[in-house]
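Summary of structural features
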Amino acid sequence: MEEILEYLAGLKADGYLLINEKRRDYQYRIYDKSREFLQLVAGLIERVGYKAHIYARGGGRWYELVVYGRDFTSLIGELWHRLLENPTNAFARGLADAEASVIKGNPNKVKFTNRDVAVVRAFVDVLTRNAVPHRTYTERRRSGVDHVVVITGVDNIARFAESIGFLHPDKRKRLLDFWGIESPPFFDHLYLARVGVLGGRA
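In this text the structure is predicted, and so the values were computed from the model without any measurement.

Considering the sheet that holds strand β2 (residues 25–32)
Read from one edge to the other, the open sheet built from four strands follows the order β1-β2-β4-β3, with strand pairing classed as antiparallel. Here the strands that pair on one side only, and so sit at the sheet edges, are β1 (15–20) and β3 (53–57). Taken over all neighbouring pairs, the strand axes of this sheet differ in orientation by 25 degrees on average, direction set aside. Bridge count between β3 and strand β4 (residues 62–68): five bridges; the pairing is antiparallel. Bridge assignment links R57 to a residue of β4, and that residue is W62. Packed on one face of the sheet, helix α2 (residues 35–47) meets β2, β3 and β4 and runs near 15 degrees to β4.

Focus on the packing of aromatic side chains
Enumeration over the complete set of coordinates arrives at nine aromatic pairs. Ring pairs connect the aromatic residues F112, F123, F160 and F166, which therefore count as one cluster.

Details of helix α1 (residues 2–11)
Taking burial as the measure, the ten residues of α1 include eight buried ones, the bulk of the element. Every buried residue belonging to α1 is among I4, L5, E6, Y7, L8, A9, G10 and L11, and all of these are buried. Looking at the buried side of α1, the elements it contacts are β1, β2, α2, α3 (70–85) and α4 (89–99).

With respect to the nonpolar core
Counting residues in each nonpolar core, the largest one holds 56 residues, and the members touching the most others are L8, Y28, I45, L65, F123 and F160. If one sorts the elements of this core by residue count, helix α5 (residues 117–129) sits on top with seven residues. The residues touching F160, leaving out its near neighbours within four places in the chain, are A96, V110, F123, L127, V132, I151, G165 and F166.

Focus: the sheet that holds strand β5 (residues 100–103)
As summarised here, the arrangement of the four strands in space is β5-β6-β8-β7, forming an open sheet in which the pairing is antiparallel. The open sheet is flanked by β5 and β7 (135–141), the only strands paired with a single partner. The sheet shows a mean angle of 25 degrees between the axes of neighbouring strands, direction not considered. Direction of pairing for β7 relative to strand β8 (residues 144–152): antiparallel, over a ladder of seven bridges.

Let's talk about the packing of α4 against α5
Two elements in contact, α4 and α5, have axes separated by 10 Å at closest approach and are oriented at 125 degrees. The angle between the axes of α4 and α5 places the two elements in the oblique class. For the pair α4 and α5, the sense of crossing is left-handed. Residue-level contacts link N89, F91, A92, L95 and A96 of α4 to V119, A122, F123, V126 and R129 of α5. A per-class count over the contact of α4 with α5 returns eight nonpolar, one polar and one charged.

Some remarks on the side chain of K171
Positionally, K171 belongs in helix α7 (residues 169–179). An unpaired buried charge is present at K171: no salt bridge exists, and D97, the closest side chain of opposite charge, is 5.0 Å distant.

Remarks on the confidence of the model for the chain
Of the residues in the chain, 92% have a pLDDT of 70 or more, and the chain-wide mean is 90. pLDDT under 50 marks residues 189–202. Its contacts with residues more than four places away, or in other chains, come to 29 contacts.

As for unusual backbone geometry
The omega torsion of the bond from N106 to P107 falls at 10 degrees, within 30 degrees of zero and hence cis. As for its position among the elements, P107 is in the loop between β5 and β6 (109–114). For R24, which is not glycine, the phi torsion reads 55 degrees and is therefore positive. Here R24 is to be found in the loop between β1 and β2. For A131, which is not glycine, the phi dihedral falls at a positive 55 degrees. Tracing the backbone shows A131 in the loop between α5 and β7. Here A131 falls in the partly exposed class, since its relative accessible area comes to 44%.

Each value, and the rule that gives it
Residues numbered from 1 in each chain as written. Predicted model: local features only at pLDDT ≥ 70, side-chain atom pairs only at ≥ 80, totals over all residues. Heavy atoms only, no water. Pairing = 2+ DSSP bridges. Helix = DSSP H or I, 4+ residues; strand = E, 2+ residues; numbered from the N terminus. Axes fitted to C-alpha atoms, helices over the stretch in contact; angles between N-to-C directions. Contact = heavy atoms within 4.5 Å. Phe/Tyr/Trp six-rings, centres within 6.5 Å; stacked < 30°, edge-to-face > 60°. Buried < 20%, exposed > 50% of the residue type's maximum accessible area, 1.4 Å probe, protein only. Core = buried A, V, L, I, M, F, W, Y, C linked by side-chain atoms within 4.5 Å. Parallel < 35°, antiparallel > 145°, perpendicular 65-115°, else oblique. Left-handed = near helix turned anticlockwise from the far one by under 90°. Nonpolar A, V, L, I, M, F, W, Y, C, P; charged D, E, K, R; others polar. Lys, Arg positive; Asp, Glu negative; His and termini not counted. Salt bridge = Lys/Arg side-chain N within 4 Å of Asp/Glu carboxyl O. pLDDT = per-residue confidence, 0-100.

Here it is as structure tokens:
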């Protein structure tokens, strides 16, 4: 269960926690273009004892997942701050699903981008611990500075997929279609019927 919560905390990198003590309004919100992915996340949230709601936004061009309630929101907030200092593979997996992209080209790469240096540092710490070669740099834009982590080369991407990888079905499919890399279906033993996959590890 702890691994699932760590993963859900990582997903907050592309969302936010709404905490309004005065109005007693507490919300965990994340966003994605894939309803299928958010349904998988909702299954994990149900597994740890909470209820998630999925809403279509932008005329169905993207979706929002929301968990209402103080207990879950506070728990994720506490985990977020703790895991930035001591990140785990599950937390990094959530970060990757939230902020990484799979790109076929010259070079082939997985590219992780975030504005928060602490988030990028946490992701890099896990890559280093798992001996995944990578490089970092910054991209300056009118809206601010993006901090970037890039994993290049099929062998290095395969090492990333084996140790951290993705739960997101679109990103997993790109790894397989582009380079024949299978990212283990993490958490599949917890919701095998819902996901419809076989094998894998926690």
